[in-house]
Amino acid sequence: MGNAFTPGLTISPHVKIRKTRRLPVKGEVVVRAGEHVTPDQVVAKVDLPGTLAVVKAANILGCGPDQLEKFVLKKAGDPVKKEELLASRTVFFNLITNNVTSPIDGSLEYISKLSGNIGVRGMPKPIFCHAYISGEVVEIMEEEGVVIETYGALVQGIFGVGGERHGKLLWFDNGRSVLTADMLPEDLEGKIIMFPGKIDGSVLYAAEKKGLLGIVGAGIVDSELMGFLGYDIGVAVTGEEDIPFTLVLTEGFGDLVMPERTAHLMRALDGHVAAINGATQIRAGVIRPELIVPGYETKEDLHVNSSELKPGVRIRLIRRPHFGEIGTVHELIEKPVEIATGSKVRVLSVKIGDKIITVPRANVEILD
Amino acid sequence: MTKDTEKLDVMLATDCGSTTTKAILVVKTEEGYRLAGRGEAPTTVEAPFDDVTVGVKNAVEELEDITGRRLLDENRNLICPRKGEDGVDAYFSTSSAGGGLQMACTGIVGNISGASAERAALGAGAIVIDTISLDDPRENYERIERLRHIRPDMILMAGGTNGGSRRHVEMISEIIRAAKPQPRFGQGFNLPVIFSGNVEARDVVEDMLGGVCSIRHVNNVRPDLNREDVAEARQAIHDLFLEHVMQQAPGYPKLMEITSADIMPTPTAVGIIIQEVAKERNQNVLAVDIGGATTDVFSVFGGHFHRTVSANYGMSYSLCNVMAESGVDNILRWLPFKFDVKVLRDILRNKMIRPTTIPETKEELYIEQAAAREALRLSLIHHRSLAVDVAANVKDADSDIGSALDNDQKVLVDLMKLDLCIGSGGVLSHAPDRTQSALMMLDAFQLEGVTQLAVDSIFMMPQLGVMSQLNAAAAKEVFAKDCMILLGTAIAPVGTAKEGSRVMDVLIKSEGLEEKITVKSGELIRVPLATGKKARVQIFPSRRFNVGAGNGKPLEKEVIGGCAGLILDGRCRPLVFDSDQNLNAERRLRDYKALSLPLE
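Given the structure is predicted, the values throughout are model-derived calculations rather than measurements. Within each chain, residue numbers correspond to sequence positions counted from 1 in written order. Chain labels run from A onward and ligand labels from 1 onward, assigned in the order the entries are written. Note on the predicted model: pLDDT of at least 70 is required for a residue's local features to be given, and 80 or more for side-chain atom pairs to be given and counted; whole-chain, interface and lining totals, by contrast, use all residues. Note that water and hydrogens are dropped before the side-chain values are worked out from all heavy atoms of the structure.

**Q** Account for the overall build of chain A, naming residues and giving values.
**A** In this description a helix means any DSSP run of H or I spanning at least four residues, a strand means any run of E spanning at least two, and both kinds are numbered starting from the N terminus. For chain A, the helix and strand inventory stands at four helices and 27 strands. Relative to the 2.2 N^0.38 estimate, which gives 21 Å for 368 residues, the radius of gyration of chain A is 29 Å and therefore markedly larger than a compact globule would have. Each of the three principal axes of chain A carries a C-alpha extent, and together these read 105 × 50 × 45 Å. Positive residues here are Lys and Arg, negative ones are Asp and Glu, while His and the chain termini are left out of the count. Each charge is placed at NZ for Lys, CZ for Arg, CG for Asp and CD for Glu. Considering chain A, the positive charge centre built from 41 side chains and the negative charge centre built from 47 side chains are found 4 Å apart. We take the radius of gyration over the C-alpha atoms and set the globule estimate at 2.2 Å times the residue count to the 0.38 power.

Spelled out as structure tokens, the structure:
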């Protein structure tokens, strides 16, 4: 393939952001196109059908399935309450009465002549779809959801856990490369803390106690994160973890620091209100965790991701033994070169400080 | 579109994978059909393209650059049929884009009708996300929630022998009705349900699911307990794949218009090729395709074909699931050096989040290959649990769930009877040294007896499989000449003995030369035998070891050489591991040195 490198993630102070907010099944959209919405606002809702409870009515009544209908006191579609009588049969010279009652609140869905069962559908469960970010509704998908648009800052992470939240951003940089629990400032409740280095596992436990809503850091040691969660994340689909905060990693796993450009932007975002989501999916239809500050504007030059590798472009190396190092492309070497593993691959040379090294093109990420 | 096979001299085939679309060009030359070139490009089923044909054309363009042959016209449309030297006579495609064909199965008893439904779906190229049966340990509400959550492309519903239970079919129908699962692609159409259970319970299914699902009735996959009939169900899956799933996937209606034969799910096409190979050579074959997200295993034993997909074992997206399921110690045990567990975990996680990166050092290469051994090992365990002979010793009727649970089905995959093991997928096809691929398969599967090893050179089995629909001769020829790379033959007796004691003597006769080698317990020996060269071997195992003829009984066979030559494996079966990782590292280091695999 022509472009064998991984494109960088979006780190931008001002960019158009569109979010599709869709119900899991068809329902009702409750906002109009052009309307300005806030993060907590409901934009669409649906009543999910309740679960089906099956009552073995014919068995209880002591009749054949084909006789059931004449003992049933309700018809399909009727609302029923828990313990309400559904069917009744008096036998043995009117001395014994067998009753069938509803196990749940809901509505009678069917009476089966084949099995002799009665199905009662539970009360519908309302599902609400919130706006998540503030912005303008630019598209309505009938019965499905909406598209919300805003301009603002966007930082895409590489991996995250925890779902959608929003809170006030707090930049914290004490000059250390690792953030530990004892370094955390007071008054963190409802905030999202951003740190340019590695997050120590102790911070996760402290975050829970201090009411932090979000943590954004460069890296974490995998075994510390999994230890906190209490299980190993297997398949890389996250966002549904039952934890009280959201974690977004911008670089990956291990001792890592953010590139200056990312740290610079985050520093500038201190004090703003942001939406954060740790949901990650690494596969076709990739989803990256994110931090969004709607409405953020800056007078600084806007950085735009280049999609082309060429001499002079700043890149980060994303594989050991140079993982995390940043440099500039020195030369794109055309012919495949044999690397230390014995594989012949397309490479480039990169200038890091005053040294020049050769690395596979597949193992670099464009920063500029 | 029908084609005259005789005139198919230039053929294009693409495999539209989840991340990459691979195109190959096959041309008839003086040496017969040969691979002319291969191009690839990112698959474009996602935004901003939302059209699979964009990626197909990009891959074909790269093929044009490589082969120098014009394949697209000025409007970038494929030239088919051929105009002189330009274009192709036929175009074929397989697809696993968008996560492939994802199905749910249902049955009354999990390891009877549920397992038959699963085998039918897997054989049709699907990924089975879940199989719901009345005897699985879940409560009904959990089954309903699960069906709602997974959003399959379709459901294959089995259960009840013909003339048997209707009651249980209704119970399963109730679960599906309650769930009202929504299809993964597209909204506003009913989910396809194929009913392949008791033919006398079709009215029950219509009664319960009519209006909620789009129902198609086919032959019972388990008409009686001792028989399985999956052909019609597989055909229905294939038809619905084309009619529903492909029609909803971005750009596929356009792609279907330009292909010369039906688009196939990628694993179906690989299955065709594997069956052809087994039939032509009259051999038992095991083939594996290890991808980033999934690992497919195919086997043909005694003429019985089985295919399974382990949806969450793979080398990038699913790498950490391999770690979670096998345990990190089981990955460490394959390394020829000591390594810190925490760092190993971080390396595997970083590979998961940046799946396109490649190892730059031997250390990281061997870590990935160690993880691959576990992915392959777990996938084979999964495969063996499903590749069974259903006729063996089933007790009672499906209608009585409890009494049918004790059935003892015969596992078909007997490694001692395996003749040929084929590896495919990046970690096996693109290993820098082919001997590494041989050792990965030998270790992961713990191969037994005498087994020939091979890899797919550039992963083109899917394209050849779909091509064989219209030109089987061409597909076979290209497979033999350009696709299958012979790695050599492994001889691995089954048994255990104290380290250093004799396992077997092997007398090797080739081109008038004779050599006798004694193999000791714990030892691995590589004997050079060039690709395609044949040798006659007489194997004399010690009395505790079996190489195929029974404990201590000699065996004579013809073996074929390859890149890794002839590998004599005296490391006992099962392989010996220690709780002390240092000891394991020493043993693996010995293996690597024996096969001349460099560590620096």
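After presenting the structure, the write-up continues.
**Q** Which residues make up the interface of chain A and chain B, and what values go with them?
**A** At the junction of the two partners, chain A supplies 61 residues and chain B supplies 57 residues. What gets called buried area is simply the loss in accessible area from a 1.4 Å probe that two parts show on being joined, summed for both. At the boundary of chain A with chain B, total buried surface from both sides reaches about 5,000 Å², with 52% on carbon and sulfur atoms. By definition, a salt bridge exists where a carboxyl oxygen of Asp or Glu is found within 4 Å of a side-chain nitrogen of Lys or Arg. Along the contact surface separating chain A from chain B lie 10 salt bridges. In this structure, Glu365(A) and Arg354(B) form a salt bridge, with 3.2 Å as the shortest nitrogen-oxygen distance. Definition of a polar contact: a pair of N or O atoms within 3.5 Å, with one able to donate and the other able to accept a hydrogen when the atoms are protein atoms, and with sequence-neighbouring residues admitted only if both atoms are side-chain atoms. At the junction of chain A and chain B, the tally comes to 24 residue pairs in polar contact (both at pLDDT 80 or more). Only Asp, Glu, Lys and Arg are considered charged in this grouping, and only Ala, Val, Leu, Ile, Met, Phe, Trp, Tyr, Cys and Pro are considered nonpolar; every other residue, Gly among them, is considered polar. When the residues that make up the side of chain A that touches chain B are grouped by side-chain class, the tally is 29 nonpolar, 18 polar and 14 charged. Two residues qualify as a contact provided that any one of their heavy atoms is within 4.5 Å of a heavy atom in the partner residue.

**Q** Tell me about the state of the cysteines, and name the residues and values.
**A** Count a disulfide wherever a pair of cysteine sulfur atoms falls within 2.5 Å. Across all of its chains, the model carries zero disulfides over all chains by this definition. With no disulfide of its own, Cys483(B) lies 14 Å from the sulfur of Cys563(B), the closest cysteine sulfur.

**Q** Go over the pairing of strand 12 (residues 135–141) of chain A, please, and point to the residues and values.
**A** Residue and element names in this part refer to chain A. In this analysis, strands are considered paired if DSSP registers two or more bridges between them. Bridge analysis of strand 3 (residues 36–37) against strand 12 gives two bridges, and the strand direction is antiparallel. Pairing of His-36 across the sheet is with Glu-136, part of strand 12. The pairing of strand 12 with strand 13 (residues 145–156) spans five bridges and is classified as antiparallel. Looking at strand 13, one finds that Ile-140 is bridged to Val-146. What sits between the antiparallel neighbours strand 12 and strand 13 is a turn of three residues, in which Glu-143 has the positive phi angle 65°.

**Q** Can you lay out the domain arrangement of chain A for me, pointing to particular residues and giving the numbers?
**A** Under the domain assignment used here, chain A contains domain 1 (11–18 + 150–294), domain 2 (52–122) and domain 3 (314–366). The start and end points of each domain follow an automatic or database-based domain assignment. A C-alpha centroid distance of 54 Å is found between domain 1 of chain A and domain 2 of chain A.

**Q** Please provide a residue-by-residue account of the domain arrangement of chain B, values included.
**A** How big an interface is tends to be stated in terms of the accessible area lost upon association of its parts. Residue and element names in this part refer to chain B. With domains assigned, chain B is organised as domain 1 (5–95), domain 2 (99–252) and domain 3 (285–590). Between the C-alpha centres of domain 1 and domain 2 the distance comes to 36 Å. Taken together, the contact between domain 1 and domain 2 spans eight residues of the former and five residues of the latter. Of the roughly 490 Å² buried where domain 1 meets domain 2, counting both sides, 56% is carbon and sulfur surface.

**Q** Can you break down the sheet that holds strand 9 (residues 213–217) of chain B residue by residue, with the values?
**A** Residue and element names in this part refer to chain B. Taken together, the five strands give an open sheet; going across it, the order is 6-5-7-8-9, and neighbouring strands pair in parallel fashion. What marks the edges here is a single partner per strand, and that holds for strand 6 (126–133) and strand 9. Averaged over all pairs of adjacent strands, the angle between strand axes in this sheet comes to 25°, irrespective of strand direction. In this structure, strand 7 (residues 154–157) lies alongside strand 8 (residues 191–195), joined through three bridges in parallel fashion. Geometry is summarised by axes, namely lines fitted to C-alpha atoms with helices restricted to the contacting stretch, and by angles between N-to-C directions that run from 0 to 180 degrees.

**Q** Run through the nonpolar core, naming residues and quoting values.
**A** The criterion is simple. A nonpolar core is a set of buried Ala, Val, Leu, Ile, Met, Phe, Trp, Tyr and Cys residues joined through side-chain atoms within 4.5 Å. Each residue is placed in one exposure class: buried if its accessible area under a 1.4 Å probe, protein chains only, is under 20% of its type's maximum, exposed if it is over 50%, and partly exposed if it falls in between. Counting residues in each nonpolar core, the largest one holds 93 residues, and the members touching the most others are Phe159(A), Ile215(A), Leu225(A), Leu335(B), Leu344(B), Leu428(B) and Phe445(B). By residue number, the principal contributor to this core is helix 12 (residues 362–386) of chain B, which donates 10 residues. Leave out the neighbours within four places in its chain, and Leu344(B) touches Val328(B), Ile331(B), Leu332(B), Leu335(B), Phe339(B) and Ile367(B). In terms of nonpolar packing, the next biggest core, distinct from the first, is built from 51 residues, Ala120(B), Phe241(B), Ala249(B) and Tyr252(B) among them.

**Q** Mind laying out unusual backbone geometry, listing which residues take part and the relevant values?
**A** Residue and element names in this part refer to chain A. Cis geometry marks the peptide bond from Arg-320 to Pro-321, where omega comes out at 10°. Positive phi, close to 75°, is recorded for Tyr-132, a residue that is not glycine. In this structure, Tyr-132 sits in the loop between strand 11 (125–130) and strand 12. Overall, Tyr-132 belongs to the buried group, its relative accessible area being 4%. Non-glycine residue Asp-187 carries a positive phi angle of around 55°.

**Q** Please give an account of the confidence of the model for chain A that cites residues and values.
**A** Think of pLDDT as the predictor's per-residue confidence, scored from 0 to 100. Looking at chain A, the pLDDT average stands at 90 and 95% of residues meet or exceed 70. Below pLDDT 50 for its whole length, residues 1–7 of chain A participates in 24 contacts with residues either more than four positions away or in separate chains.

**Q** So, the sheet that holds strand 24 (residues 326–338) of chain A: which residues are in play, and what are the values?
**A** All names here are of chain A. Strands sit in the order 26-25-24-23-27 across an open sheet of five strands; the sheet is antiparallel. Of all strands in the sheet, those bounded by a partner on one side alone are strand 26 (355–360) and strand 27 (364–366). Put simply, the sheet's adjacent strands are angled 40° from each other on average, direction ignored. One ladder, built from six bridges, connects strand 25 (residues 344–352) with strand 26; its direction is antiparallel. Across the sheet, residue Val-347 finds its bridge partner in strand 26, namely Pro-360.

**Q** Now, about the packing of helix 2 (residues 201–210) of chain A against helix 3 (residues 222–229) of chain A: what can you tell me, with residues and values included?
**A** All names here are of chain A. Two elements in contact, helix 2 and helix 3, have axes whose closest approach is 8 Å; the angle formed by their N-to-C orientations is 30°. Classified by the interaxial angle, the pair formed by helix 2 and helix 3 is roughly parallel. Of the residues in helix 3, those in contact with Gly-201, Leu-204, Tyr-205 and Glu-208 of helix 2 are Glu-224, Leu-225, Gly-227 and Phe-228. Between 65 and 115 degrees an angle is taken as roughly perpendicular, under 35 as roughly parallel, over 145 as roughly antiparallel, and anywhere else as oblique.

**Q** So, the pairing of strand 6 of chain B: which residues are in play, and what are the values?
**A** Each regular strand shows side chains that alternate between the opposite faces of the sheet. All names here are of chain B. Counting buried positions over the eight residues of strand 6 gives seven, a clear majority of the element. Two strands pair when backbone bridges link them, and strand 5 (residues 101–107) and strand 6 are joined in this way by seven bridges, in the parallel orientation. Looking at strand 6, one finds that Met-103 is bridged to Val-128. Once the chain exits strand 5 it traverses helix 2 (residues 110–123) before rejoining the sheet at strand 6, and the crossover so formed is right-handed. Handedness is read with the strands pointing away from the viewer; a crossover is right-handed when the path from the first strand over the helix to the second is clockwise.

**Q** Could you give an account of the packing of aromatic side chains, with specific residues and numbers?
**A** Residue and element names in this part refer to chain B. Within 6.5 Å between ring centres, the rings of Phe, Tyr and Trp (the latter by its six-membered ring) count as paired, and their orientation is classed by plane angle as stacked under 30 degrees, edge-to-face over 60, tilted in between. Under the criterion given, the structure shown has seven aromatic pairs over all chains. An angle of 75° between the planes, with centres 4.7 Å apart, marks the rings of Tyr-366 and Tyr-592 as edge-to-face. Residue Tyr-366 is found in helix 12, and its partner Tyr-592 is found in helix 17 (residues 581–594); the two are separated by 226 residues along the sequence. Here the two residues Tyr-366 and Tyr-592 agree in accessibility, since each one is buried. Charges are assigned to positions over rings by a cutoff of 6 Å between ring centre and Lys NZ or Arg CZ, combined with an angular limit of 35 degrees from the ring normal. Directly above the ring of Phe-577 sits Arg-333, whose terminal nitrogen or CZ lies 4.2 Å from the centroid.

**Q** Account for the environment of Glu84(A), naming residues and giving values.
**A** Residue and element names in this part refer to chain A. Among the secondary structure elements, Glu-84 is positioned in the loop between strand 6 (79–80) and strand 7 (85–91). Sequence separation of Glu-84 and Thr-101 is 17 residues, and the distance between their C-alpha atoms is 5.2 Å. If near-sequence neighbours (up to four positions away) are discounted, Glu-84 is found in contact with Lys-74, Pro-79, Val-100, Thr-101 and Ser-102. Looking at Glu-84, its side chain comes within polar contact range of the side chain of Lys-74, at 2.5 Å.

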